[in-house]
Amino acid sequence: MPSNTLLIAKREYLERVRTKSFLVTTMLIPLLMGGGILFSVVKSRHSKAASHIAVVAADTDLALALQDELEHGKDSAMQVDVISPPTGNTRQAVVDETAEKQIDGFLWIDMDKGKPKATYTSISSADISTTQAIESSLRRAIVREGMKRKGVDAGEIKLMMAPVELETETIKNGEISKSDTMTAFFGAYVLFFLMYMAVMLHGMNVARSIIEEKTSRVFEVMLATVRPQEMMTGKLLGVGAVGLTQIGIWVLAALGLSAAPMASAAGAGAIHISFSAGQIIAFIGYFVMGFLLYSGMAAAIGAMVNSEQELQQFNMVIALPMAACMFVLVPVISDPNSPFSRIISLVPTCTPLIMYLRIAISNPPWYDIAASVVILLATIYGVLWLTARIYRVGILMYGKRPTLPEILKWLKYS
Amino acid sequence: MSIVQLEHVRKVYDKKVAVEDLSFSIEPGTMFGLLGPNGSGKTSSIRMMVGITMPDSGVVRLFGEPFKRDALKRVAYLPEERGLYKKMKVIDQLVFLGQLRGLDEATALKRSHEWCERLQITEAIPKKTEELSKGMQQKIQFISTLLHEPELIIMDEPFSGLDPVNATLLIDTMLELRNEGRAILFSTHRMDQVEKMCDAICLISRGRPVLSGTMREVKSRYPRNRVQMTFEGDAGFLRDPAVEEARLYNGSAEIRLKDEAAAQQVLAQAVNGGTRITRFEVMEPTLEEIFIQEVGAGGNVDA
């Protein structure tokens, strides 16, 4: 009776789209997500190490060259005091200054058979950006001083030490186009998180809606006219359509934003987001599959428990596989076509997010995509088959939560 | 043609036998009461009639044919556990449930308004269900089951939780529907309502039918051996050997006779003894007494 399924889907859809929470999540999620990511990207690009340190060295030229690098370098803007050469009580003085927090730390450089040996002493042990800045600046200062001593012309040294800009290009469909890795990465990142939120949100909505019908006892009324499968299918379709609507709004907004001239202004001048058609198709396709997989699992949980509170305890079942995708995010982004990334993208619970990400930031081979879709669809079929059985029995059970052997017995009823 | 016919139906949950060898049939235009103490199998029986569960053995026939889901389009079911979508508007809810039962939107809308007028709850139409009182929600639920003009109406404990005014309104509506020729089955454990309303009953206890038939048939199986009388004067006639038990109140007595036929004899003796009798009524047993007698005789009643 597909008409019943459609009626149920329509009700579910209209009731959800009309709520305030739909409006709020549709507006807030991309704003928070995009804003947060934009902030962290922009911040990390423009952030420079800004500690106040003392440099102690016997070699005054080296110390001054290092001071120049640290104060005006590519990625550092520190305040540097130079003490050169040190006297007998210098060490005690800088230690005291550091302990009293007048300076963040001090760098002690000794010359050992013409090779400098540097030690950075500070009060914080994990200031990664400062130590990295010191390390690279020190190397450049040593090279510069070395060349100066060999009589190389100062202008030539400057030219040689100038930072190199790397431009990137991508070949897509036989055409070479200039690409901004940062932009591609940013766009993929935003959509990755949007998909994560959408799958999670709407998956849990399916479970919540089942529990609502269970606690309000609507099931009994419904089941006298409708089959359980029709109810479940209708619900998945309805909630899924809400998710698609939401994502549709986001995609349209993103397209509008990337077309508008103000986008570049909003993106702090350098960030301009663009999405290719293929990326959007992949996004929608993997969202639909991800939604079916996770909402199928959520529906089974919803049918087994009796209240929202009980549902909270089982959130993990859905949240954990999702969180696993976040843990592998960094290795996949840094090398989207490594064997690790390929295997992870074929694990069904990770496929929607990770495979989408690989498509967005690289060009994975077509058989990888095909394999991921086949495996994912097979898994979805299996999950929905199991869920339909649990659902049919579970929705009429009130009170006690079923034990595992009982659930196995439900699967046998047919 | 019987509207509903159950033949030797049996249903077992795990190891508990919920219904055993249950048979009865309901004719068109009949008010049928399914009686029994709590946990006796009333709801289990009803669920098999509307296809929520299937009998393990035996046959359920609706409209003369073995159970088919299609037949449910002609059936109304009001479950004991009432449920409506809380956040939905009343009218949307009624139209939705009407459409699920095969009505088109316009018809569902029209009939919803008609019924809301009939049950005097037009003011609830634009509200959300959760804003309504319990009694109003019950009426909405009741309407939602009747929108598709079913030929068979099945109600599980329809009176539980209703105040007397609404219960009377419901009874009147049910009687009207019966007079329109529909068959109505309802379960209850309140005998006073059954006695007034039902044309036929089936009494079940611990899953088994104990009594079944038209109200007349059932009552005729029990002797008319109870007498209520009001009198002045000597009460010596109560010592007649035909009197099994007598309770004497101030100027009146309730008598149980050993034999139905002994009533005239007792009356004659009282008159002969000079007692002034203002009332002497031979009564049939009430359904409640039959219920207690039958269910109580079977041992403990599951609470």
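Residues numbered from 1 in each chain as written. Chains lettered and ligands numbered in written order. Predicted model: local features only at pLDDT ≥ 70, side-chain atom pairs only at ≥ 80, totals over all residues. Heavy atoms only, no water.

Draft legend 1. Local environment of the domain arrangement of chain B. Taken domain by domain, chain B comprises domain 1 (4–213) and domain 2 (226–283). Taken over C-alpha atoms, the centre of domain 1 of chain B sits 45 Å from the centre of domain 2 of chain B. (Domains from an automatic or database assignment.)

Draft legend 2. Inspection of the sheet that holds strand β2 (residues 16–26) of chain B at higher detail. All names here are of chain B. Spatial ordering of the open sheet is given by β2-β1-β4-β5, a layout of four strands whose pairing is antiparallel. The strands lining the two open edges of the sheet, one partner per strand, are β2 and β5 (65–66). Here strand β1 (residues 4–13) runs beside strand β4 (residues 57–62); their pairing, made up of five bridges, is antiparallel. When the bridges of β4 are listed, Gln 5 appears paired with Arg 61. Seen against the sheet, helix α1 (residues 42–49) touches β1, β2 and β4 and runs at an angle of roughly 60 degrees to β2. (Pairing = 2+ DSSP bridges. Helix = DSSP H or I, 4+ residues; strand = E, 2+ residues; numbered from the N terminus. Contact = heavy atoms within 4.5 Å. Axes fitted to C-alpha atoms, helices over the stretch in contact; angles between N-to-C directions.)

Draft legend 3. Quick peek at the confidence of the model for chain B. Residue and element names in this part refer to chain B. Per-residue pLDDT for chain B has a mean of 85; in total, 98% of the residues score no lower than 70. Taking the mean pLDDT of every element in chain B, the minimum, 78, falls on helix α9 (residues 287–297) and the maximum, 92, on helix α3 (residues 105–118). Throughout residues 299–303 the model reports pLDDT below 50, and contacts reaching past four residues in sequence, or to other chains, amount to nine contacts. (pLDDT = per-residue confidence, 0-100.)

Draft legend 4. Main features of helix α16 (residues 366–394) of chain A. Taking 1.5 Å of rise per residue, the 29 residues of α16 of chain A would be expected to cover 42 Å, and the 41 Å separating its terminal C-alpha atoms lies within 8% of that figure. For α16 of chain A, the complete set of buried residues consists of Asp 368, Ser 372, Leu 376, Ile 380, Val 383, Thr 387, Arg 389, Ile 390, Tyr 391, Val 393 and Gly 394 of chain A. (Expected span 1.5 Å × (residues − 1). Buried < 20%, exposed > 50% of the residue type's maximum accessible area, 1.4 Å probe, protein only.)

Draft legend 5. Expanded view of the packing of aromatic side chains. What the rule picks out here adds up to eight aromatic pairs over all chains. Measuring from centroid to centroid gives 5.8 Å for Phe 159 of chain B and Phe 186 of chain B, while their planes differ by 90 degrees, and the two rings are edge-to-face. Here Phe 186 of chain B lies in strand β8 (residues 183–188) and Phe 159 of chain B lies in the loop between β7 (152–156) and α5 (164–179), a separation of 27 residues in the sequence. Across the pair, exposure class does not vary: Phe 159 of chain B and Phe 186 of chain B are buried alike. Sitting over the ring of Tyr 85 of chain B, Arg 11 of chain A keeps its end group 3.4 Å from the ring centre. One residue, Arg 74 of chain B, lies across the ring of Phe 63 of chain B, its end atom 3.9 Å from the ring centre. (Phe/Tyr/Trp six-rings, centres within 6.5 Å; stacked < 30°, edge-to-face > 60°. Lys NZ or Arg CZ within 6 Å of the ring centre and 35° of its normal.)

Draft legend 6. Geometry of the interface of chain A and chain B. Across the contact, 23 residues belong to chain A and 25 residues belong to chain B. Of the roughly 2400 Å² buried at the junction of chain A and chain B (both faces included), carbon and sulfur atoms supply 56%. Its largest share of buried area at the contact with chain B, chain A owes to Arg 11, Glu 220 and Val 221 of chain A, together 25% of the area lost on that side. Here chain A is connected to chain B by one salt bridge. Two residues, Asp 92 of chain B and Arg 18 of chain A, come together in a salt bridge whose shortest N-O distance is 3.8 Å. (Buried area = accessible area lost by both parts, 1.4 Å probe. Salt bridge = Lys/Arg side-chain N within 4 Å of Asp/Glu carboxyl O.)

Draft legend 7. Layout of a nonpolar patch on the surface. Together, Leu 23, Val 24, Met 27, Leu 28, Leu 31 and Leu 32 of chain A give the surface a local cluster of nonpolar side chains, amounting to about 620 Å² of exposed area. Turning to its location among the elements, Leu 28 of chain A is positioned in helix α2 (residues 20–46). (Patch = residues over 30% accessible without salt bridge, like charges linked within 9 Å, V, L, I, M, F, W, Y side chains within 5 Å. Areas by Shrake-Rupley, 256 points an atom, 1.4 Å probe, with all protein chains shown as cover.)

Draft legend 8. Fine view of the side chain of Glu 69 of chain A. With respect to the helices, strands and loops of the structure, Glu 69 of chain A is situated in helix α3 (residues 60–72). Setting aside its immediate chain neighbours within four residues, Glu 69 of chain A contacts Ser 76, Ser 137, Arg 140, Ala 141 and Arg 144 of chain A.

Draft legend 9. Spatial organisation of helix α4 (residues 134–146) of chain B. Taking 1.5 Å as the rise per residue, α4 of chain B with 13 residues should run 18 Å; its terminal C-alpha atoms sit 19 Å apart, in good agreement. Most of α4 of chain B sits inside the fold, with eleven of its 13 residues counted as buried. Burial in α4 of chain B covers these residues: Gly 135, Met 136, Gln 138, Lys 139, Ile 140, Gln 141, Phe 142, Ile 143, Ser 144, Thr 145 and Leu 146 of chain B. Looking at the buried residues of α4 of chain B, the elements they touch are α8 (218–223) of chain A together with β6 (75–78), α2 (90–100), α3, β7 and α5 of chain B.

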